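Residues per chain are reported as follows:
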Amino acid sequence: MKRSIAMKPRSAHFVTVPRSIAPWLAAFCLACCWAVSQAQTVRHSDVERELRQARYEQVFTMTQRALVDRPGDPQMRFWHALALDKLGQTALAQSEYLALTQDHPELPEPHNNLGVLLLRQGELDAAQAAFQQAVRMNASYVQALENLADVLLLQARRLYVKASELTQERTLLKDRKSTRLNSSHLGISYADFCLKKK
């Protein structure tokens with residue numbers, strides 16, 4: 001036959017700490033809490049290391065965690081947007097860059113990266129404005145200057161193509177008009193004139 005053993009309920013015991021070590025114990029507890037919080041804090045150097053190795057998923061995770069603690073950190077927001085772009089979340093990256101340019105208009109890098117995304121979408125005018133703003137914020141920002149030059153070349157090419165199309169249209173209209181005038185005097189149709197021309 002099995003016996004059941006009844007357990008006696010225990011009363012709570014409190015440990016009294018001598019007053020001489022109480023301040024030391026409190027300092028130790030605070031130091032432990034601080035160490036745990038620091039271990040969970042994402043440092044810029046950690047994110048930079050992951051960026052150098054092109055580990056964008058880790059960068060995304062780290063920046064997301066860091067932004068919970070420090071939502072206003074512009075560097076973390078920039079890296080977060082960069083990771084979003086590299087992971088194919090272009091629309092989210094673009095909105096983050098746009099918000100960053102509004103919150104910190106003095107930073108040229110978000111303007112530049114926003115311009116790159118706009119350029120990829122074929123929005124030349126908006127991209128040009130973003131690159132120009134980046135150059136206004138830092139006149140020696142080489143990447144922004146190169147991007148601005150590229151978009152200006154694309155703008156110039158677009159204008160040359162448009163001018164060429166207009167010139168061709170005007171030439172055709174001029175040829176048709178002069179042909180109609182000449183053919184009306186001769187009493188032949190335009191189609192007959194074109195056939196005789198060959």
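Read on for a plain summary of the structure. (Residues numbered from 1 in each chain as written. Predicted model: local features only at pLDDT ≥ 70, side-chain atom pairs only at ≥ 80, totals over all residues. Heavy atoms only, no water.)

## A short note on helix α7 (residues 124-137)
Along an α-helix, a turn takes 3.6 residues, which lines up residues three or four apart on a common side. Its 14 residues give α7 an end-to-end C-alpha distance of 20 Å, which sits within 8% of 20 Å, the value for a rise of 1.5 Å per residue. Listed as buried for α7 are Leu124, Ala127, Gln128, Ala130, Phe131, Ala134 and Val135. Buried positions in α7, seen along its axis, are confined to an arc of 165° and lie on one side of it. (Helix = DSSP H or I, 4+ residues; strand = E, 2+ residues; numbered from the N terminus. Expected span 1.5 Å × (residues − 1). Buried < 20%, exposed > 50% of the residue type's maximum accessible area, 1.4 Å probe, protein only. Arc of directions from axis to C-beta.)

## Brief notes about the packing of aromatic side chains
Applying the stated criterion across every chain yields a total of one aromatic pair. Considering the side-chain rings of Phe78 and Tyr97, the 5.7 Å spacing of their centres and the 55° angle between planes classify their relative orientation as tilted. Of this pair, Phe78 sits in helix α4 (residues 74-86) while Tyr97 sits in helix α5 (residues 90-103); the two residues are 19 residues apart in sequence, bridging distant segments of the chain. Grouping residues by exposure puts Phe78 and Tyr97 together as buried. (Phe/Tyr/Trp six-rings, centres within 6.5 Å; stacked < 30°, edge-to-face > 60°.)

## Observations concerning the environment of Ser95
Following the sequence through the fold, Ser95 ends up in helix α5. With relative accessibility at 41%, the residue Ser95 sits in the partly exposed group. The sequence separation of Ser95 and Ala81 amounts to 14 residues, and the corresponding C-alpha distance is 8.5 Å.

Such coordinate-based values are descriptive only and should not be taken to indicate function.
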